[in-house]
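Inside the fold
So you can see what is in the structure, the chains are spelled out below.
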Amino acid sequence: IFLFVTIIAIVVSARKSAKISEFSAMLHQTLIDEQTGEIDEAKSGLKAIYENKSSPSGVKALASLRYAALLFDEGKNLEAVKIYEEVNKCHSCNSYVRDVAGLLEIKILMSDEQESKKEDLLKRIKMIESSAKSLKYHVSEQRALLEMKNNNLAESYRIFDLILRSPNKSAAALKER
């Protein structure tokens, strides 16, 4: 039985490794396509990785970030936001990648005149902020900016003050601004 379990574990590991290699090669090809000006080809490849249920989470997250950026460049803001939100909520993804996705989601929503006025935006930002790790203070900064835009100056100043007083290294760059 031990030998059988070992063989199955080796086969599963080999398949997983092959799948990662396959999707990594696809992602690499999209980089080449984009660099050579074949944006439609790059977008198609990124979309294929994004939509494939068997894409490894790390490769899928990176492809999704790039695919969402291309959609954003085309003015498809809400489609990009949807993808960034999915990556931000991906529990098997790298925490920094999740934070980047959440921050990009917020920045797009705040830059959109209609979306920035929606009442649930502050709630969405707080949810992203509560789960953020590496970029927590960058998300907090966005919340402070929204509070300022909403003329809630006391709360905005309180958030900026928390960032200024933070001993966290990730807040250092924000303090210099």
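Residues numbered from 1 in each chain as written. Predicted model: local features only at pLDDT ≥ 70, side-chain atom pairs only at ≥ 80, totals over all residues. Heavy atoms only, no water.

**A closer look at the overall build of the protein**
Our working rule: Helix numbering and strand numbering both begin at the N terminus, where a helix is a DSSP run of H or I of at least 4 residues and a strand a DSSP run of E of at least 2. Only protein chains enter the accessibility calculation, which uses a 1.4 Å probe; a residue whose area is less than 20% of its type maximum is buried, one above 50% is exposed, and one in between is partly exposed. The contact criterion used is simple: two residues touch if any of their non-hydrogen atoms lie within 4.5 Å. To be clear on the numbers: accessible area is Shrake-Rupley with a 1.4 Å probe, and residue cover counts the displayed protein chains and nothing else.
For the protein, the helix and strand inventory stands at nine helices and zero strands. Beginning at the N terminus, the succession of helices and strands in the protein can be written as α-α-α-α-α-α-α-α-α. When each of the 177 residues of the protein is scored for burial, the buried share is 38%. Long-range pairs, those at least 24 residues apart, make up 47% of the contacts in the protein between residues at least 6 apart in sequence. Counting only carbon and sulfur atoms, one obtains 58% of the accessible surface of the protein, whose full area is about 10900 Å².

**Overview of the nonpolar core**
The following threshold applies: Each nonpolar core is a collection of buried residues, namely Ala, Val, Leu, Ile, Met, Phe, Trp, Tyr and Cys, held together in the definition by side-chain atoms within 4.5 Å.
Ranked by size, the top nonpolar core spans 34 residues in total, and within it Tyr84, Ile125 and Val139 carry the most contacts. Every element with two or more residues in this core is listed here: helix 1 (2–35), helix 2 (39–51), helix 3 (57–73), helix 4 (77–88), helix 5 (95–111), helix 6 (121–131) and helix 7 (136–149). A per-element tally of this core places helix 3 first, with eight residues. Other than its neighbours up to four places away in sequence, Val139 contacts Leu103, Ile106, Ile125, Ile128, Glu129 and Ala132.

**Regarding the packing of helix 3 against helix 5**
Our working rule: A fitted line through C-alpha atoms serves as each axis, taken over the contacting stretch for helices, and the angle formed by two N-to-C directions is quoted from 0 to 180°. An angle below 35 degrees is read as roughly parallel, one above 145 as roughly antiparallel, one from 65 to 115 as roughly perpendicular, and any other as oblique. By definition, any crossing whose near helix is turned counterclockwise from its far helix by less than a right angle is left-handed, and any crossing with a clockwise turn is right-handed.
Contact pair helix 3 / helix 5: the axes reach a minimum separation of 10 Å and the direction vectors enclose 15°. With respect to each other, helix 3 and helix 5 are oriented roughly parallel. In this structure, the crossing between helix 3 and helix 5 has a hand that is left-handed. Here helix 3 contributes Ala61, Leu62, Leu65 and Phe72 to the contact with helix 5, which in turn contributes Val97, Ala101 and Ile108.

**Description of the pattern of salt bridges**
What counts, and what does not: Salt bridges are defined by distance alone: a side-chain nitrogen of Lys or Arg within 4 Å of a carboxyl oxygen of Asp or Glu.
The tally for this structure, following the rule as stated, stands at 14 salt bridges. Here Glu34 makes a salt bridge to Arg66, at a shortest N to O gap of 2.3 Å. With Glu34 in helix 1 and Arg66 in helix 3, this residue pair connects regions lying 32 residues apart in the sequence. Arg165 serves as the salt-bridge partner of Asp161, at 2.8 Å between the closest nitrogen and oxygen. Here the residue Asp161 and the residue Arg165 both occupy positions in helix 8 (residues 153–165), the gap between them amounting to four residues, near one helical turn. Judged by relative accessible area, Asp161 falls into the partly exposed class, the value being 31%. Taken together, the salt bridges that share partners define one network made up of Glu85, Lys89, Glu105 and Arg124.

**With respect to the confidence of the model for the protein**
Low-pLDDT stretches of the model should not have their predicted coordinates read in fine detail. The condition that has to hold: What pLDDT expresses is the predictor's confidence in each residue, scored from 0 to 100.
The predicted model of the protein averages 88 in pLDDT, with 88% of residues at 70 or higher. The secondary structure element of the protein with the lowest average pLDDT is helix 9 (residues 172–176), at 68, and the one with the highest is helix 4, at 97.

**Overview of unusual backbone geometry**
What you tend to see is this: most non-glycine residues have negative phi, and most peptide bonds are trans. Although it is not a glycine, Asn151 sits at a positive phi angle of roughly 65°. Tracing the backbone through its elements, the reader meets Asn151 in the loop between helix 7 and helix 8.

**Focus on the packing of aromatic side chains**
For any two aromatic rings, the description comes down to two numbers: the centre-to-centre distance and the angle of the planes. Just so we agree on the cut-off: Aromatic contacts are taken between Phe, Tyr and Trp rings whose centres are within 6.5 Å, Trp giving its six-membered ring; a plane angle under 30 degrees counts as stacked, one over 60 as edge-to-face, and the others as tilted.
Scanning the model with the defined rule gives one aromatic pair in all. Seen from their ring centres, Tyr50 and Tyr67 are 5.7 Å apart, and the 35° between their planes marks the pair as tilted. Of this pair, Tyr50 sits in helix 2 while Tyr67 sits in helix 3; the two residues are 17 residues apart in sequence, bridging distant segments of the chain. Overall, Tyr67 belongs to the buried group, its relative accessible area being 6%.

**Here's the deal with the state of the cysteines**
So the rule is basically this: Only a pair of cysteine sulfur atoms within 2.5 Å qualifies as a disulfide here.
Here the structure, examined in full by the defined rule, presents one disulfide. In this model, Cys90 is linked to Cys93 through a disulfide, with the two sulfur atoms separated by 2.2 Å. Of note, the bridge from Cys90 to Cys93 carries an S-S torsion of about 80° and is right-handed in sense. Judged by its relative accessible area of 8%, Cys93 falls in the buried class.

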